[in-house]
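Residues per chain are reported as follows:
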Amino acid sequence: MATGRTHRPATRSRGIPEATVARLPLYLRALTALSERSVPTVSSEELAAAAGVNSAKLRKDFSYLGSYGTRGVGYDVEYLVYQISRELGLTQDWPVVIVGIGNLGAALANYGGFASRGFRVAALIDADPAMAGKPVAGIAVQHTDELEHIIDSNGVSIGVIATPAGAAQQVCDRLVAAGVTSILNFAPTVLTVPDGVDVRKVDLSIELQILAFHEQRKAGEDAAHDDGPPAPPVRSAGAATHRKGPDGDVPAVMPA
């Protein structure tokens, strides 16, 4: 079987652009689906379509990984799954804490995709004393008083904030002080963090607003098509019109 592997350490040493990193999970999701169907190889065109990008961009992205496929055969699916997983750091175990176990936090705790992608929910933390000890997704919720100890004892470097907006910054500050260097923020607020700490924000309301913008624009375009072509401009009775004269344009009706 063709592997489609070509390594270029010099290319890898120059780093991978952030835009490419953002697309790697899309490729991995598409490749995982192919792997589950026991598809051995895939062309750049097929994989690009499955990931929702154009094939030229995909080939450029894969060049940063040192993977170029085989002409007439394509890319080896299993090898690409491994290669992208390794590049994303998913070949190791990442303990994660979720802070804020309301409806959203509980839904995140129950999400089965974490474990299959290398993320282990090490602890669930909430400020409500009544939540302490209650099992969510098979894990007992712990009080925020234990946050620093939990992070230290589990070697946590990734934290998920699912608290109300008013509590998010304080939680963020405690996570950072305890050694967390990457934060996934679901709270509807902007967090301030020091250099060296990465924050990814997920705001569902913003995404819905963007969709509403596109819906409104589509509705406006549909209305414009229904109205037909624009009518010619209407001149007022006193407006000057023009005719061609021997010396050029001259008004046909002089204004009063």
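This text follows the structure it describes.
In this text, all values refer to a predicted model and were calculated from it rather than measured experimentally.

Caption draft 1: Just the overall build of the protein chain, in detail. For the protein chain, the count of helices and strands is ten helices and eleven strands. Considering only contacts in the protein chain between residues 6 or more positions apart, those separated by 24 or more positions represent 55%. For the protein chain, the accessible area works out to roughly 15,500 Å², and carbon and sulfur atoms hold 56% of it.

Caption draft 2: Highlighting helix α2 (residues 18-36). In this model, α2 (19 residues) spans 28 Å end to end at C-alpha, consistent with the 27 Å of a helix rising 1.5 Å per residue. Of all bends in α2, the biggest is about 25°, found at leucine 24, and the proline proline 25 comes one to four residues later. If you check which residues of α2 are buried, you get Thr20, Arg23, Leu24, Tyr27, Leu28, Ala30, Leu31 and Leu34. Packing partners of the buried residues in α2 comprise β1 (41-42), α3 (44-51), α4 (55-65) and α5 (77-87). Trailing α2 by a residue or two, serine 38 shows a phi angle of about 60°, which is positive.

Caption draft 3: Structural view of helix α8 (residues 147-154). Those residues of α8 not exposed but buried are Leu147, Ile150 and Ile151. Within α8, the buried residues cover an arc of 95° as seen down the axis, which keeps them to one side. Structural note: α8 exposes His149 and Asp152 on the side pointing more than 90 degrees away from its buried face. Check the buried side of α8 and you find it contacts β3 (94-99), β4 (119-126), β6 (139-143) and α9 (165-178). Immediately beyond the C-terminal end of α8, within one or two residues, lies glycine 155, with a positive phi of roughly 60°.

Caption draft 4: Structural view of the side chain of asparagine 185. Take asparagine 185: it is sitting in strand β8 (residues 182-185). Residue asparagine 185 is classed as buried on the basis of its relative accessible area, which comes to 1%. Once residues within four sequence positions are removed from consideration, asparagine 185 is found in contact with Ile161, Leu191, Val199, Arg200, Lys201 and Val202.

Caption draft 5: Looking closely at the sheet that holds strand β5 (residues 135-136). The mixed open sheet is built from seven strands, whose spatial order is β5-β6-β4-β3-β7-β8-β9. Strands with a single pairing partner mark the edges of an open sheet, and in this sheet they are β5 and β9 (198-201). As defined by bridge partners, β5 adjoins β6 across two bridges and the pair is classed as antiparallel. Bridge pairing links proline 135 to alanine 140 in β6. Helix-sheet contacts for α8 involve β3, β4 and β6, and the interaxial angle to β4 is about 165°. Along the sheet, α9 makes contact with β3, β7 (158-161) and β8, crossing β7 at roughly 170°.

Caption draft 6: Highlighting the environment of glycine 102. Following the sequence through the fold, glycine 102 ends up in the loop between β3 and α6 (103-109). A sequence separation of 60 residues divides glycine 102 from alanine 162, and the C-alpha atoms of the two residues are 7.7 Å apart.

Caption draft 7: A look at the nonpolar core. Membership of the largest hydrophobic core comes to 20 residues, with the highest contact counts inside it found for Tyr27, Leu31, Val42, Leu47, Leu58, Phe62 and Ile84. If one sorts the elements of this core by residue count, α2 sits on top with six residues. Those residues in contact with isoleucine 84 that sit more than four places away from it in its chain are Leu24, Tyr27, Leu28, Leu31, Phe62 and Leu65. The next biggest cluster of nonpolar side chains, apart from the first, holds 19 residues, and it includes Ile150, Val156, Val180 and Val197.

Caption draft 8: Local environment of the packing of α2 against α3. Running from N to C, α2 and α3 cross one another at 110°; their axes reach a closest spacing of 9 Å. Accordingly, the angle class assigned to the pair α2 and α3 is roughly perpendicular. Viewed along their axes, α2 and α3 form a crossing whose handedness is right-handed. For the pair formed by α2 and α3, the contact residues are Leu26, Tyr27, Ala30, Leu31 and Leu34 on the first element and Leu47, Ala50 and Ala51 on the second.

About the thresholds
- Residues numbered from 1 in each chain as written.
- Predicted model: local features only at pLDDT ≥ 70, side-chain atom pairs only at ≥ 80, totals over all residues.
- Heavy atoms only, no water.
- Helix = DSSP H or I, 4+ residues; strand = E, 2+ residues; numbered from the N terminus.
- Contact = heavy atoms within 4.5 Å.
- Areas by Shrake-Rupley, 256 points an atom, 1.4 Å probe, with all protein chains shown as cover.
- Expected span 1.5 Å × (residues − 1).
- Bend = angle between axes of the 7 residues up to and from the residue.
- Buried < 20%, exposed > 50% of the residue type's maximum accessible area, 1.4 Å probe, protein only.
- Arc of directions from axis to C-beta.
- Pairing = 2+ DSSP bridges.
- Axes fitted to C-alpha atoms, helices over the stretch in contact; angles between N-to-C directions.
- Core = buried A, V, L, I, M, F, W, Y, C linked by side-chain atoms within 4.5 Å.
- Parallel < 35°, antiparallel > 145°, perpendicular 65-115°, else oblique.
- Left-handed = near helix turned anticlockwise from the far one by under 90°.

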